[in-house]
Amino acid sequence: MNSLGKLAELKACDHLRNKGYKLVDVNYSSRFGEIDLIMSKGKYLCFIEVKMRNFASIASPAEFVDASKQEKMAKTAALYLQKNPTKLQPRFDVIEVITENSEIKSIKHLENAFELY
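Residues numbered from 1 in each chain as written. Predicted model: local features only at pLDDT ≥ 70, side-chain atom pairs only at ≥ 80, totals over all residues. Heavy atoms only, no water.

The next thing to look at is the side chain of Asp36. Mapping Asp36 onto the fold places it in strand 2 (residues 34-41). Lys69 provides the closest opposite charge to the buried, unpaired Asp36, separated from it by 5.9 Å. Of the polar contacts made by the side chain of Asp36, one reaches the backbone nitrogen of Val50; its length is 2.8 Å. Every residue in contact with Asp36, bar those within four places of it in the chain, is listed here: Glu9, Asp25, Val26, Asn27, Ile48, Glu49 and Val50. (Helix = DSSP H or I, 4+ residues; strand = E, 2+ residues; numbered from the N terminus. Buried < 20%, exposed > 50% of the residue type's maximum accessible area, 1.4 Å probe, protein only. Lys, Arg positive; Asp, Glu negative; His and termini not counted. Salt bridge = Lys/Arg side-chain N within 4 Å of Asp/Glu carboxyl O. Polar contact = N/O pair within 3.5 Å; in protein donor to acceptor, adjacent residues only side chain to side chain. Contact = heavy atoms within 4.5 Å.)

Attention now goes to the pattern of salt bridges. Counted according to the given criterion, the structure contains 6 salt bridges. With a closest N to O distance of 3.2 Å, Lys75 and Glu71 form a salt bridge. Highlighted residues: Lys75 and Glu71, both in helix 2 (residues 67-83), separated by 4 residues, approximately one helical turn. Under the relative-accessibility criterion, Lys75 is labelled partly exposed at 36%. Look at Glu71 and you get partly exposed, because its relative accessible area is 44%. Several salt bridges converge on common partners, so that one network encompasses Glu49, Lys51 and Lys69.

In the structure shown here, the tally under the stated rule is 4 aromatic pairs. An angle of 85° between the planes, with centres 4.9 Å apart, marks the rings of Tyr28 and Tyr80 as edge-to-face. Of this pair, Tyr28 sits in strand 1 (residues 22-29) while Tyr80 sits in helix 2, and the two are 52 residues apart along the sequence. Each member of the pair, Tyr28 together with Tyr80, is buried. (Phe/Tyr/Trp six-rings, centres within 6.5 Å; stacked < 30°, edge-to-face > 60°.)

Another aspect to go through is the pairing of strand 1. With 6 bridges joining them, strand 1 and strand 2 adopt antiparallel strand pairing. In the sheet register, Ser29 faces strand 2, and the bridge partner there is Glu34. Linking strand 1 back to strand 2 in an antiparallel pair, the connection comprises 4 residues. (Pairing = 2+ DSSP bridges.)

Structure (structure tokens):
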């Protein structure tokens, strides 16, 4: 990951902490993939994908979290929950980070961005 990508993850984490979230884990990986941030708030344990795109991108960052990525996140989250049982309700969120000229311009938190059945 490049330095702007790392900065985007740090800024996303700070953004959520300012909203009352607690960091549980970062860059949790399994044989299926990686989850950028795992954070808790209230009754939820949030598995969070941080997606960064330039402001001129043809689609929003969340649109790049396709079905394949969602499935990888779900499998990775399931393994995490097997190893770390909790009474918290799992939830999948996306943080959209918009950049311009290699600077972060905005951060948007999409709660419950997708569900898997």
